Amino acid sequence: MKICICGKGGSGKSTVVALLANAFQKLGKKVIIVDADESNASLYWMLGMERPPLPLLDLAGGKKAVQQKMLARFTKGETEPAMSIWARDQITSEAIPSEYIVQKEGRCMVATGKIHQSLEGCACPMGVVTREFLKKLSLAPNELALIDLDAGIEHFGRGVETSVDQVICVVEPSLESISLAGKIMYLTLTAGASFKGAILNKISTVEEKALLSAKLTELGVPILAALPHSKNIQSACLEGRPLNDFPAPAEAADILKALQLSGD
Ligand SMILES: Nc1ncnc2c1ncn2[C@@H]1O[C@H](COP(=O)(O)OP(=O)(O)O)[C@@H](O)[C@H]1O
Ligand SMILES: [Mg+2]
């Protein structure tokens, strides 16, 4: 199963990816984490990895090469800038060169690539590489892929969601985050992809959870689980410590149940 995590910037996407990776690992799954956020570089240390992998964008020939291939298709009048980044039809985790995949304790991580320079151009090539990589990624029966997307909805413009099995949205207690969840559900469904629902995050009180749930229900967004606001998570993220000991078993079980992956 390939599951992508999206939502508003700062809502907790990367945190939730790290927490879900813990939960899936405890289930005995080999978790392949795909860092598809071109801005933030925090995911590798949240996962307890010593270094980030080299970017898949480099494996596809570098940003300029990808941009040129996209432009060539565009000028030929092909609306969809689909491109083959690798010759083979399928990519298994074993086939990825070791510098491009960091492994640690039953998990591994790959990354599309980051923006490093001002005026280097837009992030479209990253979106295309993410989509094509996910399309070709062939999972073994015991493997599961978790994709940490960039904030907002730009990835929908590149069709990244069409390469995954489930879309999950992280929602923090704010109106912007709630309305974005509604939009993400709409964009997912109209892309012909499967929208699983929302994980509420940073919940401080019962009332807050009830209000958030009511507003999401009004929009038709299913609720998968609710994670409390945690001082421990906050300080781990401030100090740069891995999130290996979270989430609480009850919340993890809720999420797994919603994904029909029993933790029992
Ligand atoms: N459940 C939580 N409790 C407390 N702080 C949280 C929680 N989830 C996320 N955060 C904090 O919110 C900030 C943004 O989280 P992050 O996962 O980086 O968001 P995103 O990937 O959506 O931009 C982080 O500094 C993290 O400490
Ligand atoms: Mg993030």
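All figures in this text were calculated on a predicted structure; none of them were measured in a lab.

### A few points about the overall build of the chain
And step 1. Along its length, the chain carries ten helices and eight strands.
And step 2. Split into buried and exposed, the 264 residues of the chain put 53% on the buried side.
And step 3. Nonlocal contacts in the chain, meaning residues at least 24 apart in sequence, comprise 80% of its contacts between residues at least 6 apart.
And step 4. With the model as given, the accessible surface of the chain reaches about 12,200 Å², and the carbon-plus-sulfur share is 54%.

### Some details on the packing of helix 7 (residues 175–190) against helix 8 (residues 206–218)
And step 1. The contact between helix 7 and helix 8 brings their axes to 9 Å, and the two run at 30°. As far as their axial angle goes, helix 8 and helix 7 are roughly parallel. You can see that helix 7 and helix 8 cross each other, and the crossing is right-handed. Here helix 7 contributes Leu175, Ile178 and Ala181 to the contact with helix 8, which in turn contributes Leu212, Lys215 and Leu216.
And step 2. Its residues assigned to classes, the contact of helix 7 with helix 8 comprises five nonpolar, no polar and one charged.

### With respect to the site of ligand 1
And step 1. Near ligand 1 lie 17 residues; those nearest to it are Gly10, Lys13, Thr15, Asn201 and Ser230.
And step 2. Lys13 is positioned with one of its side-chain polar atoms (N or O) 2.7 Å from an oxygen atom of ligand 1.
And step 3. In this structure, Thr15 approaches ligand 1 through a side-chain N or O atom, which is 2.6 Å from an oxygen atom.
And step 4. Bound to the protein, ligand 1 loses 84% of the 560 Å² it would expose on its own.
And step 5. Where the shell around ligand 1 is concerned, the elements lending two or more residues are helix 1 (13–26), strand 7 (195–203) and helix 9 (231–239).

### Here's the deal with the nonpolar core
And step 1. Counting 43 residues, the largest nonpolar core has Phe133, Ile147, Val171, Ile184 and Leu216 as the members making the most contacts within it.
And step 2. Per element, the largest residue contribution to this core is five residues, and it comes from helix 7.
And step 3. Ala18, Leu20, Met46 and Ile233 belong to the second largest nonpolar core, which has 35 residues in total.

### Quick look at helix 5 (residues 124–136)
And step 1. Given a rise of 1.5 Å per residue, 13 residues ought to cover 18 Å, and the 19 Å separating the end C-alpha atoms of helix 5 matches this to within 8%.
And step 2. With twelve of its 13 residues buried, helix 5 lies for the most part within the structure.
And step 3. Of all the positions in helix 5, only Cys124, Pro125, Met126, Gly127, Val128, Val129, Thr130, Arg131, Glu132, Phe133, Leu134 and Lys136 are classed as buried.

### A word on the sheet that holds strand 4 (residues 107–111)
And step 1. Pairing is mixed in the open sheet, where eight strands are placed in the order 3-4-2-5-1-6-7-8. Of all the strands in the sheet, the pair left with one neighbour each is strand 3 (102–104) and strand 8 (223–228). On average, each strand axis in the sheet is tilted by 20° relative to the strand beside it, whichever way the strands run.
And step 2. Against the sheet, helix 1 contacts strand 1 (2–7), strand 2 (30–36), strand 4, strand 5 (143–149), strand 6 (166–171), strand 7 and strand 8, and its axis sits at roughly 170° relative to strand 5.

### Regarding the pattern of salt bridges
Oppositely charged side chains can form a pair if their charged atoms are brought close together.
And step 1. By the definition in use, this model includes eight salt bridges.
And step 2. Between Lys30 and Glu94 there is a salt bridge whose closest N-O contact spans 3.6 Å. Here the residue Lys30 occupies a position in strand 2, and Glu94 occupies one in the loop between helix 4 (63–75) and strand 3, the gap between them amounting to 64 residues.
And step 3. A relative accessible area of 21% means that Lys30 is categorised as partly exposed.
And step 4. Exposure remark for Glu94: the relative accessible area of 65% places this residue in the exposed category.
And step 5. A salt bridge links Glu132 to Arg131; the nearest nitrogen and oxygen atoms lie 3.2 Å apart.
And step 6. The class for Glu132 is buried, based on a relative accessible area of 7%.
And step 7. Each of Lys8, Glu172 and Lys202 takes part in salt bridges that share partners, so that together they form one network.

### Considerations on the state of the cysteines
What makes a disulfide is a covalent bond joining the sulfur atoms belonging to two cysteines.
And step 1. All told, the structure shown has zero disulfides when counted by the stated rule.
And step 2. Cys6 supplies the cysteine sulfur nearest to Cys4, a cysteine that is in no disulfide, at a spacing of 5.0 Å.
And step 3. Since its relative accessible area comes to 0%, Cys4 is described here as buried.

### Quick look at the pairing of strand 7
And step 1. Burial of strand 7 is extensive: seven of the nine residues sit out of reach of the surface.
And step 2. Two strands pair when backbone bridges link them, and strand 6 and strand 7 are joined in this way by five bridges, in the parallel orientation. Its bridge partner being in strand 7, Cys169 is matched across the sheet by Ala198.
And step 3. Read from strand 6 through helix 7 to strand 7, the crossover connection turns out right-handed.
And step 4. Pairing of strand 7 with strand 8, which is carried by four bridges, proceeds in the parallel orientation. Counted as the bridge partner of Ile203 is Pro228 from strand 8.
And step 5. At this point the chain moves from strand 7, through helix 8, to the parallel strand 8, and the crossover so formed is right-handed.

Parameters and conventions
- Residues numbered from 1 in each chain as written.
- Chains lettered and ligands numbered in written order.
- Predicted model: local features only at pLDDT ≥ 70, side-chain atom pairs only at ≥ 80, totals over all residues.
- Heavy atoms only, no water.
- Helix = DSSP H or I, 4+ residues; strand = E, 2+ residues; numbered from the N terminus.
- Buried < 20%, exposed > 50% of the residue type's maximum accessible area, 1.4 Å probe, protein only.
- Contact = heavy atoms within 4.5 Å.
- Areas by Shrake-Rupley, 256 points an atom, 1.4 Å probe, with all protein chains shown as cover.
- Axes fitted to C-alpha atoms, helices over the stretch in contact; angles between N-to-C directions.
- Parallel < 35°, antiparallel > 145°, perpendicular 65-115°, else oblique.
- Left-handed = near helix turned anticlockwise from the far one by under 90°.
- Nonpolar A, V, L, I, M, F, W, Y, C, P; charged D, E, K, R; others polar.
- Near = heavy atom within 4 Å.
- Polar contact = N/O pair within 3.5 Å; in protein donor to acceptor, adjacent residues only side chain to side chain.
- Core = buried A, V, L, I, M, F, W, Y, C linked by side-chain atoms within 4.5 Å.
- Expected span 1.5 Å × (residues − 1).
- Pairing = 2+ DSSP bridges.
- Salt bridge = Lys/Arg side-chain N within 4 Å of Asp/Glu carboxyl O.
- Disulfide = S-S within 2.5 Å.
- Right-handed = clockwise from strand over helix to strand, strands pointing away.

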